[in-house]
Amino acid sequence: FPVERIRNFSIIAHIDHGKSTLADRLLEITGAIAKTASNKQVLDKLQVERERGITVKAQTASLFYQHDGQTYLLNLIDTPGHVDFSYEVSRSISACQGVLLIVDANQGIQAQTVANFYLAFEAQLTIIPVINKIDLKNADPERVEKQIEKVFDIPKEECIRISAKLGTNVDQVLQEVVKRIPPVDDLFKALVFDSTFDHYRGVVANIALFGGRVSRGDKIVSAHLGKSYEVNELGLLRPDEHPTETLYAGQVGYVIAGMKEVKEAQIGDTLYLHKQPVEALPGFKPAKSMVFAGMYPMDQSEYTALRSAVEKLMLNDSSVTVQKDSSLALGAGWRLGFLGLLHMEVFNQRLEQEYNASVIVTAPTVPYKAVLASAKLIKSRRAVQKNMFYIDEHRVMIKYIFPLNEIVVDFYDQLKSMSSGYASFDYEDAGYEAADLIKMDFLLNGRPVEELATIVHKDKAYSAGKAICERLKESIPRQMFEIAVQAAIGSKIIARETIKAYRKNVLAKCYGGDVTRKMKLLKKQAEGKKKLRRIGNIDVPKDAFINVLKRK
Ligand code: GDP
Ligand code: MG
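Residues numbered from 1 in each chain as written. Chains lettered and ligands numbered in written order. Predicted model: local features only at pLDDT ≥ 70, side-chain atom pairs only at ≥ 80, totals over all residues. Heavy atoms only, no water.

**What about the confidence of the model for the protein chain?**
What counts here: The pLDDT score gives, residue by residue, the confidence of the prediction method on a 0 to 100 scale. Any pair of residues with heavy atoms lying within 4.5 Å of one another is described as a contacting pair.
Mean pLDDT over the protein chain works out to 76, with 67% of the residues at or above the 70 mark. Predicted confidence is poor over residues 369-375, with pLDDT under 50, and the contacts of this stretch with residues over four places away or in other chains come to three contacts. A low-confidence stretch, residues 506-511 (pLDDT under 50), is modelled with six contacts involving residues beyond four sequence positions or located in other chains.

Given below as structure tokens:
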């Protein structure tokens, strides 16, 4: 395929502004998928994505588009919108020459619109602003165009107004992709932007070709390790794998070349031909773990199975970091690092859904650096305002420096509800700062609950301890004996709640009559028990811990 007729582009947007819907329309128009109801959001392949209506992993599709009597190859890379997954966004962007920046015609510019714009801007990509949902009654595309001009310095004439839902002006979007986004360059040079492990075929590397061509049987080298491989299989992603003989500059596809471990096809690495060495591509910022949590099998006999599930899942999500860990109460497990709380929840959900694993997750913590006692003389402030910028008369963008532990669990949810959904939020790392912190433990009838041990700011210890005890009391069902719920700093108890005794008897309702009903109830109770965690002789529902940590 001639290089001058290939375009690599990506769609970026704040969450819910319509990326997936637009991607579906583009796939339909170009005939990559049939137009049926069941084909909604085809790029969202994972079950967790469909259930939560979010995109977690970037997906790729190659589209063939007729324009001025010529066939063009348009490679579309869909990107996640949530703050936790901006790593996936930056990685998709580095495989492109241009982006469609979607902005909702009613909501206007939001936090992730700004964050995603800068990712594309810094990568020097062509940015095509697209105003979506113009079919909405309260759409105000004029106002959004003004915002785009003011905040991004893009002339408002460059905006395309569309309705992804109805398909209005979607064809124009493809025309502008062809006209405005530059084609790709002649030495084979490809960026690895994703890699997965397949049990039968080994490592499958998703690559974007920045120049030249590569064919089956070619000898290629990975710049990072300097190792050579022979290409066994390659092909396009539309979005499923379509094997071909050759991939050309500008194409996005997959390659299988006898790599046995994912680290041989590191994300951000460059591949080139053995006989034509080139300089490595700049790659991109590695993902940085912001939230850490311990993960243990519900039952130690499941350790090996869980380890294999965690390893497999990590092959598909290289932004998770892992370290072995063990605890007296919970046995052998791991300490995992995630990009945010949603990322952590999605990872757990995928473990359960895709690998049928049952795990205990400890309270998430954020990274702290321990410093000598004298340096703590410095009093830390909790949030410091950095700057403020008016997007228009109605909207303002404010930057703060926050301690990460203050925003990690539920800040986003609270901000949304306080502002009736109007405020939006994005974050980046601002480095470490000294703070006055202490470790707080929680006890059930005197036994420490490892999952909940946490680090808190000294000024917040009493209120946090009390609140968590109260929420624990609500989350733990009454049992046949009384339970004392306590918060402690060292040996000092700072808060206490009591869960009164209660006798639960599932069969009491049956009046001894129906046997099948009795069996059903017993089965249900047994299933309920599977999701419990025993602390001493106390049964705690598995999801109690995450619920306890989320403030109301
Ligand atoms: P994403 O999070 O950016 O991928 O957004 P989605 O494509 O999942 O869309 C979010 C919601 O907006 C869904 O309920 C869509 O049906 C809806 N939506 C997307 N495009 C349009 C549009 O042009 N008009 C209207 N009215 N709704 C839209
Ligand atoms: Mg989506």
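Having seen the model, we can carry on.
**Observations regarding helix H4 (residues 111-122)**
Condition: Secondary structure elements are defined from DSSP: runs of H or I of at least 4 residues count as helices, runs of E of at least 2 residues count as strands, and each element is numbered from the N terminus. A helix is expected to reach a length of 1.5 Å times the quantity of its residues less one. Relative accessibility under 20% of the residue-type maximum defines a buried residue, over 50% an exposed one, and the middle range a partly exposed one, all with a 1.4 Å probe and only protein chains included.
Here H4 is 12 residues long and its end C-alpha atoms lie 17 Å apart, about the 16 Å a rise of 1.5 Å per residue gives. Three or more residues of H4 are buried, namely Ala111, Gln112, Thr113, Val114, Asn116, Phe117 and Ala120. Trailing H4 by a residue or two, glutamine 124 shows a phi angle of about 60°, which is positive.

**Brief notes about unusual backbone geometry**
The phi torsion at aspartate 153 lies on the positive side, around 60°, for a residue other than glycine. Looking at the secondary structure, you find aspartate 153 in the loop between helix H5 (141-152) and strand S6 (160-161). The phi torsion at asparagine 445 lies on the positive side, around 45°, for a residue other than glycine. Topologically, asparagine 445 is positioned in the loop between strand S23 (437-444) and strand S24 (447-448).

**Overview of the side chain of glutamine 486**
Looking at the secondary structure, you find glutamine 486 in strand S26 (residues 483-489). A residue is classified by how much of its surface remains accessible, and glutamine 486, at 15% relative accessible area, is buried.

**Topic: the site of ligand 1**
Heads up, the condition is: Any residue with a heavy atom positioned within 4 Å of a molecule or strand is treated as near that molecule or strand. The term polar contact refers here to a pair of N or O atoms within 3.5 Å; inside protein, the definition further demands a hydrogen-donor-capable atom paired with an acceptor-capable atom, and it admits residues adjacent in sequence only when both atoms are side-chain atoms. As a working rule, the residues Ala, Val, Leu, Ile, Met, Phe, Trp, Tyr, Cys and Pro are called nonpolar, Asp, Glu, Lys and Arg charged, and the rest polar, with Gly in that last group.
Close contacts around ligand 1 come from 15 residues, with Asp16, Lys19, Ser20, Thr21 and Asp135 the closest. Between ligand 1 and serine 163 there is a distance of 3.2 Å, counted from an oxygen atom to a side-chain nitrogen or oxygen. One of the backbone nitrogen or oxygen atoms of lysine 165 is found 3.1 Å away from an oxygen atom of ligand 1. With three residues, the top contributor of residues to the shell around ligand 1 is helix H1 (residues 19-29). Partitioning the shell around ligand 1 into residue classes produces three nonpolar, seven polar and five charged.

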